[in-house]
Number of protein chains: 4
Amino acid sequence: MSGSTLGTLFTVTSFGESHGPAIGCVVDGCPPGLELSEADIQAELDRRKPGTSRHVTQRKEPDSVEILSGVFEGKTTGHPIALLIRNTDQRSQDYSKISQTFRPGHADYTYWHKYGIRDYRGGGRSSARETAVRVAAGAIAKKWLRERYGIVIRGFMGQLGEIRIPFKGWEHVSENAFFAANDEIVPRLEAYMDEIRADRDSIGARIDVIASGVPVGWGEPVYDRLDADIAYAMMSINAVKGVEIGDGFDVVAQRGTVHGDELTPDGFLSNHAGGVLGGVSSGQDVRVSIAIKPTSSLPQNRRSIDLAGAPTEMMTTGRHDPCVGIRATPVAEAMLALVLVDHALRHRAQNADVQVATPRIAGLAPAGHQDVPGPKG
Amino acid sequence: MSGSTLGTLFTVTSFGESHGPAIGCVVDGCPPGLELSEADIQAELDRRKPGTSRHVTQRKEPDSVEILSGVFEGKTTGHPIALLIRNTDQRSQDYSKISQTFRPGHADYTYWHKYGIRDYRGGGRSSARETAVRVAAGAIAKKWLRERYGIVIRGFMGQLGEIRIPFKGWEHVSENAFFAANDEIVPRLEAYMDEIRADRDSIGARIDVIASGVPVGWGEPVYDRLDADIAYAMMSINAVKGVEIGDGFDVVAQRGTVHGDELTPDGFLSNHAGGVLGGVSSGQDVRVSIAIKPTSSLPQNRRSIDLAGAPTEMMTTGRHDPCVGIRATPVAEAMLALVLVDHALRHRAQNADVQVATPRIAGLAPAGHQDVPGPKG
Amino acid sequence: MSGSTLGTLFTVTSFGESHGPAIGCVVDGCPPGLELSEADIQAELDRRKPGTSRHVTQRKEPDSVEILSGVFEGKTTGHPIALLIRNTDQRSQDYSKISQTFRPGHADYTYWHKYGIRDYRGGGRSSARETAVRVAAGAIAKKWLRERYGIVIRGFMGQLGEIRIPFKGWEHVSENAFFAANDEIVPRLEAYMDEIRADRDSIGARIDVIASGVPVGWGEPVYDRLDADIAYAMMSINAVKGVEIGDGFDVVAQRGTVHGDELTPDGFLSNHAGGVLGGVSSGQDVRVSIAIKPTSSLPQNRRSIDLAGAPTEMMTTGRHDPCVGIRATPVAEAMLALVLVDHALRHRAQNADVQVATPRIAGLAPAGHQDVPGPKG
Amino acid sequence: MSGSTLGTLFTVTSFGESHGPAIGCVVDGCPPGLELSEADIQAELDRRKPGTSRHVTQRKEPDSVEILSGVFEGKTTGHPIALLIRNTDQRSQDYSKISQTFRPGHADYTYWHKYGIRDYRGGGRSSARETAVRVAAGAIAKKWLRERYGIVIRGFMGQLGEIRIPFKGWEHVSENAFFAANDEIVPRLEAYMDEIRADRDSIGARIDVIASGVPVGWGEPVYDRLDADIAYAMMSINAVKGVEIGDGFDVVAQRGTVHGDELTPDGFLSNHAGGVLGGVSSGQDVRVSIAIKPTSSLPQNRRSIDLAGAPTEMMTTGRHDPCVGIRATPVAEAMLALVLVDHALRHRAQNADVQVATPRIAGLAPAGHQDVPGPKG
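Each chain has its residues counted from 1, running along the sequence as written. The order in which chains are written sets their letters, starting at A; the order in which ligands are written sets their numbers, starting at 1. Whole-chain, interface and lining totals are the exception, using all residues; otherwise, since this is a predicted model, local features are given only for residues with pLDDT of at least 70 and side-chain atom pairs are given and counted only at 80 or more. As a rule here, side-chain values cover all heavy atoms of the structure and leave hydrogens and water aside.

### Regarding the pattern of salt bridges
Rules: Should a side-chain nitrogen of Lys or Arg be within 4 Å of a carboxyl oxygen of Asp or Glu, the pair is scored as a salt bridge. Each helix corresponds to a stretch of at least 4 residues labelled H or I by DSSP, and each strand to a stretch of at least 2 residues labelled E; elements are numbered beginning at the N terminus. Working definition: with a 1.4 Å probe on protein chains only, accessible area under 20% of the residue-type maximum means buried, over 50% means exposed, and in between means partly exposed.
Within the structure shown, the criterion is met by 124 salt bridges over all chains. Across the pair Asp353 of chain C and Arg348 of chain A runs a salt bridge, and its minimum N-O distance is 3.1 Å. Taken as a pair, Asp353 of chain C in the loop between α7 (329-351) and α8 (366-371) and Arg348 of chain A in helix α7 (residues 329-351) lie in two separate chains rather than in one. Since its relative accessible area comes to 37%, Asp353 of chain C is described here as partly exposed. The buried category is assigned to Arg348 of chain A, whose relative accessible area is 6%. Each member of the salt-bridge network shares a partner with another, and the members are Glu44, Arg47, Lys142 and Glu333 of chain A.

Printed below as a string of structure tokens:
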């Protein structure tokens, strides 16, 4: 399968460069009969789009999506859904100078050696602009999961640089530019970002995503486990350097008596596993965390080499996010949705006839649960 | 593609249960002409096999591998290589009692609901015994990568429970049961494990794996990135709950001026990226860390439910590793090798004709490098 | 996906050479809960096995199958089912002389240039012996399709060389070595084959296969159509040179008023389409024909070249089928079953929730239908 | 993999309905550095486009293609190439009446039951309009194969209804609306089509396609054989009911002494195999024939049922090809090109290092060869 296609049954085939005519994708395998309009997708795109606060890139892109196929009289037909987003604010002149060198921390050097040719305008194919496509495709996945299974997928920023962001409530997430689940901390985050920008620097972040309502049974042993496919999907997002499921790296120093989630008729007593046991969803919340590196594009001189291998210095002066993590929450939610819908279909393909008398136990009580939604919130 | 097949061009299709007649796999897509014997594979299997110290399961399995196909007169033919490992020491009686309940932290509950049937003997398909298959297949990948490209893939235990294990030298790794790259710390690790066992408990671990000599250019944007496929492969290993590339979760609090690895004609000045930029290998060491949870099988009572949903208690009395991380290093090395060989083939499929005049810069000097091989060693 | 794996969700990964230790496969994606024993598979293997009449190869192979995994207490578990068939009667000495040249009509020349190495013993990987694996895997598919959907898959020889074999009744097929659905013609077929052997020659055949009871709706537009995947699966059988669905090549000279099958509340009025419309099953019989070339191994001198490119002559003296088509009927049935089960799972993955008020019309009445089961019978 | 994606490494993911906003595809895996412009693709599209003679549909579609990505400064970058063709002449009113019934011979009935929803305008997704996408993608494949390996892929109509069309010369093919390799027969074909139209009927055709210059070694045993993938690709074209490689169904009555192509230092002495031995290309011409059924849309009453299952009659009055085979030659060429490029990449992925001292023998002399290019010309 080609490197630009994601999924086995519900697939996304992505295309487009930062400064080409358009970006977009083909979503195939979507079940028929889902009500779908461009507005459904636009709502998610608007959460990710640039230019919404001073803390993100000032590129002005409406990110207007057009559905080209696969929807008839307002419903999906089961055929490929092509989504098109035209690029409008490209300012290619910002990037022409980088054609002769390689930006540190970027794909410039590796793409150049891999392909022998490079669309250097705005990073070309390696630009984070491609994540808009993921959000658009993920909007379809999210909608189907919610309508068919009642699954809710939500994310928030768990940490910005050194600042841990305690989880206070989901209602805060949409109220600030950071996707922080905590309104009180927002002024501190804003001051912190202003300082980073004043230093002409950038900073990393941690994003937490949770899917609630996932039925027991999704995930394919032993390689295409639900958590393995989540790890793949998350690590495929630009700038991600780490993925955790459940307690993640905290398990290194954990004892088995702490980690193993006990079962009772009223539900699991804890969720250290993050909703996945043996690679298969347990019915508890699926909890994922990702680490996002600081933006590599910096408005200060950095050492590099030119196409002839000679030393040079370069400064990136285009419009960039000082923290790519700020707009990453909708992207991470989309990737989780895309993995889940694919496994929903894979599961019922093989196991549609399975009937088990054993009751399915619930997860922890929602009330207590929301107090600690993230692995390290 | 089915859930038991790994890879796109160099594929591993795995089969077998812990207490069935055999485990094994079919390795397809291996380039022809590689000298290969059962001894090559056995050497890797012996590094992982059970019963080699008091700190691991006492199950006695020779793990003798038989090559059933794909090798002719000592060389691979390009056709599928089937590997067979017969199970010998099964002791099924240890497991019969768990047929009516679900071990906390295991796949019992999820498999039961997914399939409506469960081979409960020793965990059946969900047993870590399956990782022997990965090591066997990985031995072929490792050999080809070493002979064709000079790539060396090595791992070590970076942390056992609370104990961080400072990297001292590769030569120590094969000298102790823990795969610790440090001989001085071994007595402390042994005492720690004795304590864990005395407490009838188990503990987690962190494993670090490094591939040196990977050429620039491997990895497929934008989804099948090298790091995305590594994350998938690592997370698919039993008990893994987190994966990091390069600095991993440390990037959350890093600034861009620290993280972005600068380039000079003499090489990159640092390797925070872990050898992957934009999803494509940079020529630097590929650095991966994984978090392994504590064994869920514990010789003390844990709460669970039975097949009718009624509460019960259960104690696991079979032979188990008190720390599955101890034998995980060869498994992690194998998974990294399998991802790399697959991407080696994918890369040259598309880009065999590419020629670039720009010199390929080296990574950091080996001397300095070995001082800090792991992300957090 | 590797070249030795068939299918998307219900997959078969095949291995083994004619004169290696064993052949076999891993069947993955089989729904759980299917009763399955080695006897179920053996029954199909026995229909294909060599040495059952004077008209086929005299190699004596019991083709005993062993199930290595994926079955527990007599039922499939949903996990990979590994099947192993040991080779016993190899007589490698018959083949050593062909190591230095290329048998006309065989894969010798092409494998040699492709891989640079060749297991020349009995054709190695290119031997028709591999079709035993297809029959074994197909037995599982057949059983599931029959038990879950009542689908019956049956084949017969429609033509042997110049002799067309009129369809008389299914009950005759198992009564003769040719799989002829006509007892009266058998003496003529036997005499014909005796003549071919006396001429030290070989001959082609046409096999017809029909699947009855396939529900409407299987097949994935627009590339993975049911008929496209059938064409792939059939053409992948050794010696097949042509595939037809429904009326096949007869459509070239047909008019639309003849070809288009009209619909009535009592069913379709004809089945020129062969049970597939727009790549999707229509509920009528799926009708497939394949052309099998004459065996290329002949006991008379044929011109070839040696490894140095010099001209030579060679005669094949091993044990061979003078008409590989004679044993091909179970293989063709197996391939049709494997495609159908895969599409059954793919269909319900996407469309499990679809409900349509329009009644599903039946195919033609069975009575009339059996008069003309094959496209050209 | 989803049903709308073709290929393993060089992939085409297709989208679009006959009367939706657009059709198009994403071509992924194309090697970088290929000079490519919209004119390269347009030239092939113009060979297939409607409205060019009175013998094809009178729908007026310019089929103007736009490249949305994957090309930079006139060369492919190795990234996905998205192709967009806007629909312009849709006349949806022609089709509204068929929303309540099923056209015989079409996908209407099967799509309806499969998906529970149907874009009935012009056949929606099942329209032959989708084949424009194949031609566009195939143009890229053709160009790369020609520039990289000197491969030439050409097709012609071998038979129209009862009229066999003797091969006279390639130069005639582009000179008539039928793709006949024979100028003298054209008046007869025109008269024949006028008669078919006067009868308000339609007719089938046979198309032959030949790839010259294919190197020895392409194709993956044992399932993904070159001929198996060709059969799949050809049968996936709308209206195709049969596929032959080399002598095709003629092998049924052939003897082995006739069929097996002998080898000499000067080349193979014949090409009954059609350029594929053991599923791998032999270096001879790859010869393929396909049978195309008569158009199912007819301007006369045909029996059908309505959505409630009640009997009805319907006449198709839209603009249709009375012989879909007339415009099928470029489509068949495109599909052959797409299979070949995919196998070119797959072959070198595994076997890039293979070196064989044995000379590669040529096929038959081109002169003699062109006399009989098609299997039954």
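### Let's talk about the relation of the copies chain B and chain A
The condition is simple: Alignment of the copies relies on least squares applied to C-alpha atoms, considering only residues that score at least 70 for pLDDT in both. By the convention used here, residues are in contact when the closest approach between their heavy atoms is within 4.5 Å.
Mapping chain B onto chain A is achieved by rotating through 180° and translating by 0.0 Å along the same axis, at an RMSD of 0.0 Å. These values place the two chain copies in the arrangement generated by a two-fold rotation axis. In terms of C-alpha distance to the rotation axis, chain B has Tyr232 of chain B as its closest residue, with the C-alpha 2.3 Å off the axis. Taken as a fraction of all interface residues of chain B, those also at the interface in chain A reach 100%, which identifies the copy contact as same-surface.

### Here we look at the nonpolar core
To keep it simple, the criterion reads: What is meant by a nonpolar core is a set of buried Ala, Val, Leu, Ile, Met, Phe, Trp, Tyr and Cys residues, joined one to another through side-chain atoms within 4.5 Å.
Ranked by internal contacts, the top residues of the largest apolar core, which has 336 residues, are Leu160 of chain A, Leu160 of chain B, Leu160 of chain C together with Leu160 of chain D. If sequence neighbours within four positions are ignored, Leu160 of chain D has contacts with Ile165, Phe178, Leu189, Tyr192, Met193, Ile203, Gly204, Ala205 and Cys323 of chain D.

### Regarding the sheet that holds strand β2 (residues 11-16) of chain D
Sheet strands pair by backbone hydrogen bonding; their relative direction is either parallel or antiparallel. Residue and element names in this part refer to chain D. As a reminder, the rule being used: DSSP bridges decide pairing: two strands pair if at least two such bridges lie between them.
As summarised here, the arrangement of the five strands in space is β1-β2-β3-β7-β4, forming an open sheet in which the pairing is antiparallel. Only two strands of the sheet have a single partner each, and these edge strands are β1 (5-6) and β4 (65-67). As judged from the two bridges shared by β1 and β2, these two strands associate in the antiparallel manner. Of the residues in β2, the one forming a bridge with Leu6 is Val12.

### A look at the confidence of the model for chain A
Residue and element names in this part refer to chain A. For the record, the criterion: For every residue, the predictor reports its confidence as pLDDT, a number between 0 and 100.
Mean pLDDT over chain A works out to 92, with 93% of the residues at or above the 70 mark. Across residues 365-377, where pLDDT falls below 50, the model places 27 contacts with residues more than four positions away in sequence or in other chains. Prediction confidence for the complex, expressed as pTM and ipTM, is 0.97 and 0.96 respectively.

### Some thoughts on the relation of the copies chain B and chain C
For the match of chain B to chain C, the screw axis carries a shift of 0.0 Å, the RMSD comes to 0.0 Å, and the turn is 180°. Take the interface residues of chain B: 100% of them recur as interface residues in chain C, which is what a same-surface contact looks like.

### Thoughts on the interface of chain B and chain C
Quick reminder of the rule: Buried area is a sum: the accessible area each of two parts loses on coming together, probed at 1.4 Å, counted once for each and added. The term polar contact refers here to a pair of N or O atoms within 3.5 Å; inside protein, the definition further demands a hydrogen-donor-capable atom paired with an acceptor-capable atom, and it admits residues adjacent in sequence only when both atoms are side-chain atoms.
In this assembly, 41 residues from chain B lie in contact with 41 residues from chain C. Between chain B and chain C, a total of about 3300 Å² is buried, with carbon and sulfur atoms accounting for 63% of that surface. Between the two partners, chain B and chain C, sit two salt bridges. Linking chain B to chain C there are 12 residue pairs in polar contact (both at pLDDT 80 or more). Contributing elements (two or more residues each) for the side of chain B that touches chain C: β2 (11-16), β3 (22-28), β4 (65-67), β6 (75-76), β7 (81-86) and α2 (108-115) of chain B. With five residues, β2 of chain B is the largest single contributor of residues to the side of chain B that touches chain C.

### A few points about helix α2 (residues 108-115) of chain C
Every α-helix winds through 3.6 residues per turn, so residues three or four apart in the chain are directed the same way. Residue and element names in this part refer to chain C. The buried count for α2 comes to eight of eight residues, which makes it a mostly enclosed element. If you check which residues of α2 are buried, you get Asp108, Tyr109, Thr110, Tyr111, Trp112, His113, Lys114 and Tyr115. Count one or two residues on from α2 and you reach Gly116, which has phi positive near 75°.

### Brief notes about the UniProt feature "binding site: FMN" (unreviewed entry) in chain A
All names here are of chain A. Heads up, the rule is: UniProt positions are given in the numbering used here, feature names are shortened, and annotations may be inferred rather than shown by experiment.
With numbering aligned to this structure, UniProt lists the feature "binding site: FMN" (unreviewed entry) at Arg125, Ser126, Ser127, Asn238, Ala239, Gly278, Lys293, Pro294, Thr295, Ser296, Ser297 and Arg319. Summarising the element assignment, Ser126 is placed in the loop between α2 (108-115) and α3 (131-149). When neighbours within four sequence positions are excluded, Ser126 is seen to be in contact with Ala107, Tyr111 and Asn238. For Pro294, the location among the structural elements is in the loop between β16 (286-292) and β17 (302-305).

### Here's the deal with the packing of helix α1 (residues 38-48) of chain D against helix α7 (residues 329-351) of chain D
All names here are of chain D. What counts here: Simply put, an axis is a line fit to the C-alpha atoms, just over the touching stretch for a helix, and the angle between two N-to-C directions goes from 0 to 180 degrees. Comment on the angle field: the value is read as roughly parallel under 35 degrees, roughly antiparallel over 145, roughly perpendicular from 65 to 115, and oblique elsewhere. Side-chain classes are defined by residue name, with Ala, Val, Leu, Ile, Met, Phe, Trp, Tyr, Cys and Pro counting as nonpolar, Asp, Glu, Lys and Arg as charged, and the others, Gly among them, as polar.
Two elements in contact, α1 and α7, have axes separated by 8 Å at closest approach and are oriented at 135°. As summarised for this structure, α1 and α7 are arranged oblique, according to the angle between their axes. From α1, Glu44, Arg47 and Arg48 reach across to α7, where they touch Pro330, Val331 and Glu333. Here the residues of the contact of α1 with α7 are counted per class, giving two nonpolar, no polar and four charged.

### Examining the interface of chain B and chain A
Taken together, the contact between chain B and chain A spans 116 residues of the former and 116 residues of the latter. A combined buried area of about 9400 Å² lies between chain B and chain A, and 59% of that area is made up of carbon and sulfur atoms. Among the residues of chain B in contact with chain A, Lys114, Tyr223 and Lys241 of chain B are the three that bury the most area, contributing 10% of the side total. Applying the counting rule to chain B against chain A returns 12 salt bridges. Among the salt bridges present, the one from Glu195 of chain A reaches Arg255 of chain B, with a minimum N-O distance of 3.5 Å.

### A short note on α3 of chain A
All names here are of chain A. Threshold: By this rule, a helix spans an expected 1.5 Å times one less than how many residues it contains.
With 19 residues, α3 extends 26 Å between its outermost C-alpha atoms, agreeing within 8% with the 27 Å of an ideal straight helix rising 1.5 Å per residue. The buried fraction of α3 amounts to 15 of the 19 residues, a majority that puts the element mostly inside the structure. Within two residues after α3, Gly150 carries a phi angle of roughly 70°, on the positive side.

### Observations regarding the sheet that holds strand β1 (residues 5-6) of chain A
Residues and elements named next belong to chain A. Spatially, the five strands line up as an open sheet ordered β1-β2-β3-β7-β4, and their pairing is antiparallel. The open sheet terminates on both sides in strands that have one partner only, identified here as β1 and β4 (65-67). In the packing of helix α1 (residues 38-48) onto the sheet, contacts are made with β4 and β7 (81-86), and the angle to β4 comes to roughly 150°.

### Comments concerning the environment of Glu38 of chain B
Residues and elements named next belong to chain B. For Glu38, the location among the structural elements is in helix α1 (residues 38-48). Expressed as a C-alpha distance, the spacing of Glu38 and Val65, which sit 27 residues apart in the sequence, is 6.5 Å. When neighbours within four sequence positions are excluded, Glu38 is seen to be in contact with Val65, Glu66 and Ile67.

### Re the packing of helix α5 (residues 226-235) of chain D against α7 of chain D
All names here are of chain D. Here is the rule: When the near helix sits turned anticlockwise from the far one by under a right angle, the crossing is termed left-handed; a clockwise turn instead gives a right-handed crossing.
Contact geometry of α5 with α7 gives a least axis separation of 9 Å together with a crossing angle of 145°. The hand of the α5/α7 crossing is right-handed. Contact with α5, carried on its side by Leu226, Asp229, Ile230, Ala233 and Met234, involves Ala332, Met335, Leu336, Val339, Leu340, His343 and Arg346 of α7 and no other residues of that element. When the residues that make up the contact of α5 with α7 are grouped by side-chain class, the tally is nine nonpolar, one polar and two charged.

### What to know about the UniProt feature "binding site: NADP(+)" (unreviewed entry) in chain A
Residue and element names in this part refer to chain A. As recorded in UniProt, the feature "binding site: NADP(+)" (unreviewed entry) lies at Arg48 and Arg54. Locating Arg48 in the fold gives a position in helix α1. For Arg48, a relative accessible area of 3% translates into the label buried. Among all residues touching Arg48, those that are not within four sequence positions of it are Asp63, Ala128, Arg129, Thr131, Ala132, Val135, Arg327, Pro330 and Val331. Note on placement: Arg54 falls in the loop between α1 and β4. Filtering out sequence-adjacent residues up to four positions away, Arg54 remains in contact with Glu190, Asp194 and Arg197. Side chain to side chain, Arg54 and Asp194 meet in a polar contact 2.9 Å long.

### A short note on the pairing of β16 of chain A
Residue and element names in this part refer to chain A. Burial analysis of β16 places seven of its seven residues in the buried class, which makes it a mostly covered element. Neither face of β16 is left uncovered, since the one carrying Val286, Val288, Ile290 and Ile292 and the one carrying Arg287, Ser289 and Ala291 both have all their residues buried. Note: strand β10 (residues 205-212) against β16, seven bridges, orientation antiparallel. Of the residues in β16, the one forming a bridge with Val209 is Val288. As paired strands, strand β11 (residues 240-245) and β16 are joined by five bridges and run antiparallel to one another. Of the residues in β16, the one forming a bridge with Val243 is Ile290.

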